[in-house]
Amino acid sequence: MSFKGRDIIRIEELKEEEIYRILDVAEKMVPVARGEETTDLLYGKVLASLFFEPSTRTRLSFESAMHRLGGSVLTISGREGTSLKKGETLADTVRMAEAYADVIVLRHPNEGAAALAAQFCSKPVINGGDGSGQHPTQTLLDLFTIKSELGAIKGKTVALVGDLRYGRTVHSLSLALARLGARMIMVAPELIQMPTYILDELNSLGAKYELTEDLGRGIEEADVLYVTRIQRERFPDEEEYMKVAGSYRVTLESLKNAKEGMIILHPLPRVDEIAPEVDSTPHAKYFVQAFNGVPVRMAILTMVLGVIE
Ligand code: NCD
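This structure is a prediction, so every number in the text was calculated from the model and none was measured.

Each value, and the rule that gives it
- Residues numbered from 1 in each chain as written.
- Predicted model: local features only at pLDDT ≥ 70, side-chain atom pairs only at ≥ 80, totals over all residues.
- Heavy atoms only, no water.
- Near = heavy atom within 4 Å.
- Polar contact = N/O pair within 3.5 Å; in protein donor to acceptor, adjacent residues only side chain to side chain.
- Areas by Shrake-Rupley, 256 points an atom, 1.4 Å probe, with all protein chains shown as cover.
- 1 Å grid on protein atoms, 1.4 Å probe; cavity = no way out; pocket = protein on both sides within 12 Å on 5 of 7 lines; lining within 4 Å.
- Sits in = over half its atoms within 2 Å of the grid points.
- Nonpolar A, V, L, I, M, F, W, Y, C, P; charged D, E, K, R; others polar.
- Helix = DSSP H or I, 4+ residues; strand = E, 2+ residues; numbered from the N terminus.
- Expected span 1.5 Å × (residues − 1).
- Buried < 20%, exposed > 50% of the residue type's maximum accessible area, 1.4 Å probe, protein only.
- Points joined across faces, edges and corners; volume = space filled by probe spheres on them.
- Axes fitted to C-alpha atoms, helices over the stretch in contact; angles between N-to-C directions.
- Parallel < 35°, antiparallel > 145°, perpendicular 65-115°, else oblique.
- Contact = heavy atoms within 4.5 Å.
- Core = buried A, V, L, I, M, F, W, Y, C linked by side-chain atoms within 4.5 Å.
- Pairing = 2+ DSSP bridges.
- Right-handed = clockwise from strand over helix to strand, strands pointing away.

Engineer: Is there a simple way to think about the site of the ligand in this case?
Structural biologist: Taken together, T58, R107, H135, Q138, R168, T169, R229, Q231, P267, L268 and P269 make up the full set of residues near the ligand. Residue H135 places a side-chain N or O atom 2.8 Å away from an oxygen atom belonging to the ligand. One of the side-chain nitrogen or oxygen atoms of Q138 is found 3.2 Å away from a nitrogen atom of the ligand. In isolation the ligand offers 320 Å² of accessible surface; the protein chains occlude 94% of this area. Of the pockets mapped on this structure, the ligand occupies the largest pocket. Residues belonging to the shell around the ligand are distributed by class as follows: three nonpolar, five polar and three charged.

This is the structure in structure tokens:
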């Protein structure tokens, strides 16, 4: 198993033992991520962080990971201020980034953009989210959170709630959960249920899942309630969006039949799908989950740069 020089584009490119290896390395990175220990593992290495779509957690946690490991960061945040504005292609932009850096993380509004970038780049390309495609590093931190909070992933029931159609985090997470032997309940209005092409992949992996519109059922059966926001910006028009806007909301009242140890995750940002009063319940783990982005991305960076096997 070697990660050196590898791209991280789609979660299904990682075997089960590779996923667990990343989670183990991430565990060891926690004190460094917290700033309790220091290291210069990535001294002299440069990350190009290319974000052509809004981001708070993904960009900042990648950059924090790189800085805390002693490396440095070049950042593009938005098309403004770059030559993409002048009509430069993504391929050429990535060629430039590779001339200036050792590893690239790319977020882009087009599905398939990270895969395309990787074709033009000999250095590792990490997909930081490609349109409605995938978000594999988010999935790794989601898995890390489930494993550290519940002790295991296999055999757990995960209810995926919300925009399963346009949400990239649930696309990659469902494929990983299938591979790792978790059961899924997909809770969404029909218009934003999981796309057929993902369900086909889940079937070929022998995944155990069911589809429902009933949030109550999802809450009752879940060990993990994974809530997502409606991806308003990806709807073809406002009218379509209005058909599902506000169609689900996790409140204190809705949690009364939840299992005692059930955890609530959310990739964030949230809009109105989790009421703020839920934050102070022992179920709420979404802020811990956001922190976990740092040790998990430390693991990914050190491994693709060949500093840790
Ligand atoms: C998600 C994303 O960008 O896909 N955010 C994140 O990276 N934590 C989720 C979202 O935007 O809804």
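Engineer: I'm lost on helix α6 (residues 168-180) in this one. Help?
Structural biologist: One turn of an α-helix holds 3.6 residues; hence residues three or four places apart share an orientation. For α6, with 13 residues, the first-to-last C-alpha span of 19 Å sits near the 18 Å given by 1.5 Å per residue. With twelve of 13 residues buried, α6 is to be regarded as a mostly interior element. Taken together, the buried positions of α6 are occupied by R168, T169, V170, H171, S172, L173, S174, L175, A176, L177, A178 and L180. With its phi angle positive at about 80°, G181 sits one or two positions after the end of α6.

Engineer: For this particular structure, what's the right way to read the layout of surface pockets?
Structural biologist: Where empty space is left in the structure can be found by rolling a water-sized probe over the atoms. What the largest pocket holds in volume is close to 420 Å³. Residue lining of the largest pocket: 21 residues in total, with R107, R168, R229, L268 and P269 positioned closest to the centre. Of all the secondary structure elements, the ones that give two or more residues to the lining of the largest pocket are α2 (57-68) and α6.

Engineer: What is the right way to read the packing of α6 against helix α7 (residues 196-204) from this model?
Structural biologist: The relative placement of two packed helices comes down to the angle between their axes together with the axis-to-axis distance. Close contact between α6 and α7 brings their axes to 10 Å; oriented N to C, the two are set at 10°. The orientation of α6 with respect to α7, classified from their angle, is roughly parallel. Contacts from H171, S174, L175 and A178 of α6 reach α7 at Y197, I198, E201 and L202. For the contact of α6 with α7, a count of residues per class yields five nonpolar, two polar and one charged.

Engineer: Would you explain the nonpolar core in this entry?
Structural biologist: Nonpolar side chains in soluble globular proteins tend to end up buried together. Counting 89 residues, the largest nonpolar core has L160, L225 and I264 as the members making the most contacts within it. If we skip the residues at most four places from it in the chain, L225 touches A159, V161, G218, I219, V250, L255, M262, I263, I264 and L265. With 18 residues, the next largest nonpolar core counts F52, I104, A118 and C121 among its residues.

Engineer: What should I look at first to understand unusual backbone geometry in this one?
Structural biologist: Cis geometry is found at the peptide bond from L268 to P269, where omega equals 5°. If you check the backbone angles, L268 has positive phi at about 65° while not being a glycine. Along the chain, L268 turns up in the loop between β9 (263-265) and α10 (286-304).

Engineer: It is not clear to me how the pairing of strand β1 (residues 46-51) should be interpreted in this structure. Could you clarify?
Structural biologist: Where a strand is regular, its side chains alternate between the two sheet faces. Judged by how many residues are buried, β1 sits mostly within the fold: six of six residues are covered. Here β1 shows a buried face lined by V46, A48 and L50 and a second buried face lined by L47, S49 and F51. One ladder, built from six bridges, connects β1 with strand β2 (residues 72-77); its direction is parallel. Looking at β2, one finds that F51 is bridged to S77. Of the crossover connections in this fold, the one passing from β1 over α2 to the parallel β2 is right-handed.

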